[in-house]
Amino acid sequence: MTSEPFVSIITPNFNCQEHIAETIDSVLAQTCDDFEYIIIDGVSNDGSIEIIKSYLKNITKFICEKDEGMFDAVDKGIRSANGEVIIWINSDDILDKNAVKNVKKVFKLRPKTNWISCRNSFIKKDISFSTIPYLYPNFIIRFGYAQHRFWGFVQQESVAFRRKVYIDSGGLDKKSAAGDYHLWVKFSKIAKLENFFIKIGYFRSRKEQLSVKNREMYNYSIGNLKNRNYSFRLFRLIISAIFLPFIYFKTVFLLKKNK
């Protein structure tokens with residue numbers, strides 16, 4: 001980690017003792033050290049604070065105080081960050097070992113790029129796997145169609161963005177049950193979401209997640225479409241597959257630059 005980082009990694013935590021160590025280990029295992037690591041804890045009572053404290057010498061900033069929920073914690077972390085680019089990884093997910101290296105290269109070599117979405121990656125029943133980057137036209141996000149019953153969600157773990165875009169957008173709705181969804185809508189009004197064939201974070205499926213535990217509240221928060229139309233999800237897959245060779249070779253060409 002560096003004193004003047006290009007990338008800031010933000011992890012919110014509350015009572016995630018089971019997975020927080022694995023999350024921190026994945027951050028500290030990065031193949032590029034041009035980053036700072038900020039953890040914000042909402043005063044956990046399950047032992048996860050003690051786990052975080054055991055890593056304090058390798059954490060740039062640790063904030064432990066009462067908050068209004070996960071999105072308040074993330075907002076607090078981003079606003080206190082020094083990096084130009086933000087990676088947000090939750091305390092039950094893990095970061096790909098080359099995430100910082102590849103994200104840094106993309107944003108350094110493409111100064112007009114402000115917001116990227118990469119390969120969707122998952123952990124299900126302790127098995128990790130990655131799919132392709134899905135295309136999200138800005139109008140799909142802007143008009144609220146990037147949700148489960150239409151085009152599909154933008155995966156938060158596969159996203160990185162410039163801190164300036166976050167600040168300019170107004171940031172997270174800290175009281176929303178679907179803060180990330182609403183943040184992407186805000187971003188779509190001022191920045192274009194670009195795709196690259198790299199991996200950033202892996203989303204871990206578990207019952208305790210906010211979007212799973214409070215499904216009705218989450219759906220209400222996003223104004224969930226009443227009628228399911230999964231044919232658009234299929235269309236998303238087809239379009240993304242058609243553009244996959246372009247995204248792949250664009251990424252390979254970019255990552256080979258200035259080696």
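What you see is a predicted model, and the numbers here were worked out from it, not measured in a lab. (Residues numbered from 1 in each chain as written. Predicted model: local features only at pLDDT ≥ 70, side-chain atom pairs only at ≥ 80, totals over all residues. Heavy atoms only, no water.)

### Some details on a nonpolar patch on the surface
Right, on to step 1. Together, Leu234, Leu237, Ile238, Ile242, Phe243 and Phe246 make up an exposed nonpolar region whose accessible area comes to about 600 Å².
Right, on to step 2. Taking the relative accessible area as the measure of exposure, Phe246 reaches 55% and is therefore exposed. (Patch = residues over 30% accessible without salt bridge, like charges linked within 9 Å, V, L, I, M, F, W, Y side chains within 5 Å. Areas by Shrake-Rupley, 256 points an atom, 1.4 Å probe, with all protein chains shown as cover. Salt bridge = Lys/Arg side-chain N within 4 Å of Asp/Glu carboxyl O. Buried < 20%, exposed > 50% of the residue type's maximum accessible area, 1.4 Å probe, protein only.)

### Structural notes on the sheet that holds strand 8 (residues 127-130)
Right, on to step 1. Pairing is mixed in the open sheet, where four strands are placed in the order 5-11-7-8. In this open sheet, the two edge strands, each paired with only one partner strand, are strand 5 (94-95) and strand 8.
Right, on to step 2. Relative to strand 11 (residues 201-204), strand 7 (residues 121-124) runs parallel, the two being bridged by two bridges. Among the inter-strand pairings, Phe122 is bridged to a residue of strand 11, identified as Phe203. (Pairing = 2+ DSSP bridges. Helix = DSSP H or I, 4+ residues; strand = E, 2+ residues; numbered from the N terminus.)

### Quick look at the sheet that holds strand 4 (residues 85-88)
Right, on to step 1. In space, the seven strands of this open sheet follow the order 3-2-1-4-9-6-10, with mixed pairing throughout. Only two strands of the sheet have a single partner each, and these edge strands are strand 3 (61-64) and strand 10 (193-195). When strand polarity is set aside, the average angle formed by the axes of neighbouring strands in this sheet is 25°.
Right, on to step 2. Judged from the seven bridges that link them, strand 1 (residues 7-13) and strand 2 (residues 35-41) form a sheet pairing that is parallel. (Axes fitted to C-alpha atoms, helices over the stretch in contact; angles between N-to-C directions.)

### A look at unusual backbone geometry
Right, on to step 1. Phi is positive for Asn15, which is not a glycine, with a value near 55°.
Right, on to step 2. Residue placement: Asn15 occurs in the loop between strand 1 and helix 1 (20-28).
Right, on to step 3. Its identity is not glycine, yet Val43 carries a phi of approximately 65°, on the positive side.
Right, on to step 4. Relative to the elements of secondary structure, Val43 occurs in the loop between strand 2 and helix 2 (48-53).
Right, on to step 5. Note on Val43: relative accessible area 31%, which makes it partly exposed.

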